[in-house]
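Letter by letter, the chains look like this.
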Amino acid sequence: MVEHRHWSMHVLPHLILGLGVLLVVFPVYLAFVGATLDPATIANGQMGVVPGNRFIENMSRVLLAGAGGSTREPVLHMLWNSFVMAMVIAIGKIVISILSAYAVVYFRFPLRKTAFWVIFMTLMLPVEVRIYPTYKIVADLGMLDTVAGLCIPLIASATGTLLFRQFFMTIPDELIEASQMDGAGPVRFFIDTVLPLSLTSIAALFVIQFIYGWNQYLWPLLITSKDSMQTIVIGIKKMIVTQDALTEWQLAMATAVLAMLPPVLVVVVMQKLFVRGLVETEK
Amino acid sequence: MADIRLDHVGKTYAGGFEAVRDLSLTVPDGCFCVLVGPSGCGKSTLLRMVAGLETITTGTVSLNAQVVNHLEPAQRDIAMVFQNYALYPHMRVYDNMAYGLRNRGVPEAEIASRVAHAAQILDLEDLLTRKPRALSGGQRQRVAMGRAIVRKPQVFLFDEPLSNLDAKLRVHMRVEIRKLQKALGVTSLYVTHDQTEAMTMADLLVVMNKGVIEQIGAPMEIYRTPMSVFVATFIGSPPMNILEATSLGDGVVSIEGHRLLIDQALSLPAGHKVKIGIRPEHLSVQADGFTIHVELVESLGAHQIIHATWGQQKLAMQVETDRVPAQSGQALVVGCAPQHLHVFDAQTGQRLLRDNAS
């Protein structure tokens, strides 16, 4: 390491970091400011960088009464819908992918390799690519406007299986053999050894998938038509698009701020597990 | 307690590779049997077949006169210590030892007393609440031993358990394992590639090569009368010198133009190609020997190893330090007592036996 560095070497990294943070934080701050203004100020385009005094009022209105635009659903309910969707997708994906990866890595069955590659190939077919056939199937099964229809097509993807497969391959074979000697069958080995060791991978996948589910736009837009099934991302969109009235930007901004909170919360809460997962590499 | 019996055991892998071929071996009750050989000789495969981790292609494995070929590892009443210890990283030391017992439905009170006993024997009492990652290599090794002991198995299996330890600890654990096995009297099968470990630990030593047994016997018996060039060079350190020679008949061979008297009871026709084995420690400076040229001298403290050439052939000699003031480039006249010469057939590599003995 260089011991005596020029003073600029201390300042420059901080400058770059500061610029980066500003770039990310400023739009978020603007959204927050927008959420605190009264309709007149924002509609006149006089919005500055100083927050107004209508924050509580705007918030309580969107949360409980619903905003204008083409949706009348209270945001609280949209938050709940989004939360359910994100949770079902995240947990469903973890369950399916950890089990499929366990099968692919530890069991010798005919067409094992083929099964893995078929799963792998679905990486090339995200929902956006197969959206028409998927919609057709979901519609035919009568799952439009249901939680199942919203979540199941998004659960089916290979990312989690790949992640767990890679992780399982790092678990030494001797550990399985030791379990066998200790009288643990496949189910016991999974519950007693594989699951506890996978905890950090599960946490990582949960964070990624929760945010993935939360941010879904195209699929919920297609599959939900009832206001009661509306997710918050769709809600924001519908608030902005209005037929004859002015867009109530202060309410849209308030909703945007609310929409940001759960993913932030998930990341903050799960961060510790992340770091632990990175530090404890020894298996 | 049990004996281990292998009857014509063979293992062929899916690719057609024959790891073990028609191998028979009986390990008596309470015996510490060491399987030694170079990597790829099939010793680990053999151990894993006894453990039940590897299917048996041909033959039978019996524990205590009961064929166990089709039993799951857990049903064979054996315990195994792995090379990398294979401790459960997320469990405390206590749970690592208790896990196998819990799976067998042993009552918690019984588990607690067995673990406590094992911890006391292995000096692990202060470490029971730690996770494996907070332990040193030697401590992990002891936990792995503890996990085997608490099960009170019929047989212990060791798969190169000391090869991940540093040299000093290895010597220490070698003694500890041997003491422990003697105290518990459990029949043990121990795999290693280290001939020192094999020599020092074994009651019964099995030297393996290319999937077959080269020789079985007590360590000193194998050291004294290796039955093939392979065993001769594998057991003993530094390894035995093997010299190309031609028989002149009447128990005399010629090496590099020098006439050397071997066993007269060996009826070797003149012109027969043989290999003469001489252990480095059996060479000494003599007035009526042959002349070697010193290339390099290694000092080990109490001993010196002199690397030399005899004509075209290489030779090592081990002497007590200061007995021979050897230097590189020097010539020494050395010899070896006839009873310390080992004679092997140059073609087959097998030991040539006296007519009346064979």
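Every value quoted in this text rests on a predicted model; they were computed, and no experiment measured them. Going along each chain's sequence as written, the residues are numbered from 1 onward. To label them, take the chains in the order written and letter them from A, then take the ligands in the order written and number them from 1. Only residues with pLDDT of 70 or above have their local features reported here, since the model is predicted, and side-chain atom pairs are shown and tallied only from 80 upward, although totals for entire chains, interfaces and linings are computed over all residues. Heavy atoms from the whole structure form the basis of all side-chain values; hydrogens and water molecules are not counted.

### Details of the overall build of chain B
Move 1: Secondary structure assignment for chain B yields eight helices and 19 strands.
Move 2: The dimensions of chain B, computed from C-alpha atoms along their principal axes, are 75 × 45 × 35 Å.
Move 3: Residue contacts are counted whenever heavy atoms from the two residues lie within 4.5 Å of one another. For chain B, contacts bridging at least 24 residues in sequence account for 65% of all contacts bridging at least 6.
Move 4: Neither His nor the chain ends contribute to the count of charged residues, in which Lys and Arg are positive and Asp and Glu negative. Charge positions are represented by NZ for Lys, CZ for Arg, CG for Asp and CD for Glu. Each charge sign in chain B was given a centre, from 34 positive and 35 negative side chains, and these centres are 6 Å apart. Only DSSP runs of H or I with at least four residues qualify as helices, and only runs of E with at least two residues qualify as strands; both kinds are numbered from the N terminus onward.

### Remarks on the domain arrangement of chain B
Residue and element names in this part refer to chain B.
Move 1: An automatic or database domain assignment is the source of the domain bounds shown. Split into domains, chain B comes out as domain 1 (4-232) and domain 2 (238-345).
Move 2: Between the C-alpha centres of domain 1 and domain 2 there is a distance of 38 Å.
Move 3: If you look at the interface, domain 1 gives eight residues, while domain 2 gives seven residues.
Move 4: Summed over both partners, buried area is the accessible surface (1.4 Å probe) that two parts give up on being assembled. For the pair domain 1 and domain 2, the two sides together bury roughly 610 Å², of which 60% comes from carbon and sulfur.
Move 5: Looking at the side of domain 1 facing domain 2, the largest losses of area belong to Tyr223, Val229 and Ala232, adding up to 77% of the total buried there.

### Some details on the packing of aromatic side chains
How two aromatic rings sit relative to each other is given by the distance of their centres and the angle of their planes.
Residue and element names in this part refer to chain A.
Move 1: Only Phe, Tyr and Trp rings are paired, with Trp represented by its six-membered ring, and only when their centres lie within 6.5 Å; those with planes under 30 degrees apart are stacked, over 60 edge-to-face, the remainder tilted. Applying the stated criterion to the full structure yields 26 aromatic pairs over all chains.
Move 2: Plain terms: the ring middles of tyrosine 29 and phenylalanine 32 are 6.5 Å apart, the flat faces sit at 40 degrees to each other, and that makes the pair tilted. Of this pair, tyrosine 29 and phenylalanine 32 both sit in helix H1 (residues 7-34), three residues apart, which is roughly one turn of that helix.
Move 3: Exposure classes here rest on a 1.4 Å probe applied to the protein chains alone. A residue is buried below 20% of its type maximum, exposed above 50%, and partly exposed in between. For tyrosine 29, a relative accessible area of 31% corresponds to the partly exposed category.
Move 4: Classification of phenylalanine 32 by relative accessible area gives partly exposed; the value is 32%.
Move 5: Within the aromatic cluster, the residues linked to one another by ring pairs are Tyr102, Tyr106, Phe107, Phe164, Phe167, Phe168, Phe189 and Phe190.

### Considering the pattern of salt bridges
Move 1: Whenever a carboxyl oxygen of Asp or Glu lies within 4 Å of a side-chain nitrogen of Lys or Arg, that contact is scored as a salt bridge. Under the criterion given, the structure shown has 17 salt bridges over all chains.
Move 2: Across the pair aspartate 182 of chain A and arginine 151 of chain B runs a salt bridge, and its minimum N-O distance is 3.7 Å. A residue pair is termed interchain when its members come from two chains, as with aspartate 182 of chain A in the loop between helix H9 (173-181) and helix H10 (186-214) and arginine 151 of chain B in the loop between helix H4 (137-150) and strand S7 (155-159). Comparing aspartate 182 of chain A with arginine 151 of chain B shows no difference in burial state: the two are buried.
Move 3: Each member of the salt-bridge network shares a partner with another, and the members are Arg92, Asp95, Arg102 and Glu108 of chain B.

### Regarding helix H2 (residues 93-103) of chain B
Move 1: Among the eleven residues in H2 of chain B, nine count as buried, and that is most of the element.
Move 2: Turning to H2 of chain B, its buried residues number three or more, namely Val93, Tyr94, Asp95, Asn96, Met97, Ala98, Tyr99, Gly100 and Leu101 of chain B.
Move 3: On the buried face of H2 of chain B, the contacting elements are H10 of chain A together with helix H3 (108-122) and H4 of chain B.
Move 4: Following H2 of chain B by one or two positions, glycine 105 of chain B has its phi on the positive side, about 75 degrees.

### Looking at the confidence of the model for chain B
Move 1: Put simply, chain B has an average pLDDT of 90, and 99% of its residues get 70 or more.
Move 2: This prediction of the complex comes with two scores: 0.82 for pTM and 0.82 for ipTM. What pLDDT conveys is the predictor's confidence in a given residue, as a value from 0 to 100.

### Topic: the sheet that holds strand S18 (residues 331-335) of chain B
All names here are of chain B.
Move 1: The pairing criterion for strands is at least two bridges between them, as found by DSSP. Ordered by their spatial adjacency, four strands build an open sheet running S17-S16-S15-S18, and the pairing between neighbours is antiparallel. Of all the strands in the sheet, the pair left with one neighbour each is strand S17 (313-320) and S18. In this sheet, neighbouring strand axes are inclined to one another by 50 degrees on average, regardless of whether the strands run parallel or antiparallel. Orientation is described by lines fitted to C-alpha atoms, with helices fitted over the stretch in contact, and by angles between N-to-C directions that extend from 0 to 180 degrees.

### Looking at the pairing of strand S16 (residues 303-310) of chain B
Residue and element names in this part refer to chain B.
Move 1: Taking burial as the measure, the eight residues of S16 include six buried ones, the bulk of the element.
Move 2: The sheet contact formed by strand S15 (residues 284-299) and S16 spans six bridges and is antiparallel. Along S16, the bridge assignment pairs leucine 296 with histidine 307.
Move 3: The antiparallel hairpin formed by S15 and S16 contains three residues in its connecting segment, where glycine 301 sits at a positive phi of about 95 degrees.
Move 4: Sheet topology note: the S16/S17 ladder contains eight bridges and is antiparallel.

### Points about the pairing of strand S14 (residues 273-278) of chain B
Residues in a regular strand project their side chains so that they alternate between the two faces of the sheet.
Residue and element names in this part refer to chain B.
Move 1: Counting buried residues along S14, five of its six residues qualify, which places the element largely inside the surrounding structure.
Move 2: Bridge analysis of strand S11 (residues 241-249) against S14 gives six bridges, and the strand direction is antiparallel. Along S14, the bridge assignment pairs alanine 245 with valine 274.
Move 3: Strand direction decides the pairing type here: S14 and strand S19 (residues 341-345), joined by five bridges, are antiparallel. Its bridge partner being in S19, isoleucine 278 is matched across the sheet by leucine 341.

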